[in-house]
Amino acid sequence: MSQSPDGPTFYERMGGAPVFEQIVAEFYRGVANDPVLRALYPETDLGPAERRLRMFLEQYWGGPTTYQQERGHPRLRMRHLPYAVTPDQRDRWLRHMVAAVDAVDLEPALRGVLLDYLVRAAYSMVNAAGEGPEAGPA
Ligand code: HEM
């Protein structure tokens, strides 16, 4: 993302590590309580998945690059191919993510930019049709 060389990063403007930690923790509480979405996650312990998503988001918004060091290039669409991400899974993912973002007190402009990215990213991750008639894009 763009940032001026001397200005704060989006990561910093959002509040840095504690805010990312809070959003992702809240998101995974939602996943844990959503049996349909939870069934996609292979590990019994959601902790490692939570950490990967947090590191990725921190890096994406200009924070520490630990994700890249540990996992290499994100190639997120490819990494999601083993999981059948249907439009229903996408909508569940987004519902928990919006709730998690709204659980922290972000400036409306930051909230808007963050959610816009997350919605587009979630739509791009869909790789399976799911069951039943599918409505076209809104
Ligand atoms: C659209 C709905 C989505 C579903 C159902 C979904 C589901 C999953 C699942 C099941 C995993 C494997 C758990 C793990 O071991 O890490 C995963 C990994 C991951 N997801 Fe998603 N995901 C979705 C969208 C997204 C979006 C929009 C992003 C980023 C903005 C994202 C970022 C990640 C990251 C960073 C990983 C770990 C990749 C790695 O390093 O292995 N996901 N996701």
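Higher on the page you've got the structure.
In short, a report on the structure. (Residues numbered from 1 in each chain as written. Predicted model: local features only at pLDDT ≥ 70, side-chain atom pairs only at ≥ 80, totals over all residues. Heavy atoms only, no water.)

Moving on to the packing of aromatic side chains. Overall, the coordinates contain ten aromatic pairs when judged by the stated rule. When the ring of Phe56 is compared with that of Tyr67, the centres are 5.7 Å apart and the planes differ by 80 degrees; the resulting orientation is edge-to-face. You can see Phe56 sitting in helix 4 (residues 47-60) and its partner Tyr67 sitting in helix 5 (residues 66-71), a full eleven residues away along the chain. One exposure class covers both Phe56 and Tyr67, and it is buried. Ring plane angle 90 degrees and centroid distance 5.4 Å describe the contact between Trp61 and Tyr117, whose orientation is recorded as edge-to-face. Within this pair, whereas Trp61 is found in the loop between helix 4 and helix 5, its partner Tyr117 is found in helix 8 (residues 108-125), the two being separated by 56 residues in sequence. Overall, the relative accessible area of 3% leaves Trp61 in the buried class. Each residue in the set Phe10, Phe56, Tyr60, Trp61, Tyr67 and Tyr117 is aromatic and connected to the rest through ring pairs, giving one cluster. (Phe/Tyr/Trp six-rings, centres within 6.5 Å; stacked < 30°, edge-to-face > 60°. Helix = DSSP H or I, 4+ residues; strand = E, 2+ residues; numbered from the N terminus. Buried < 20%, exposed > 50% of the residue type's maximum accessible area, 1.4 Å probe, protein only.)

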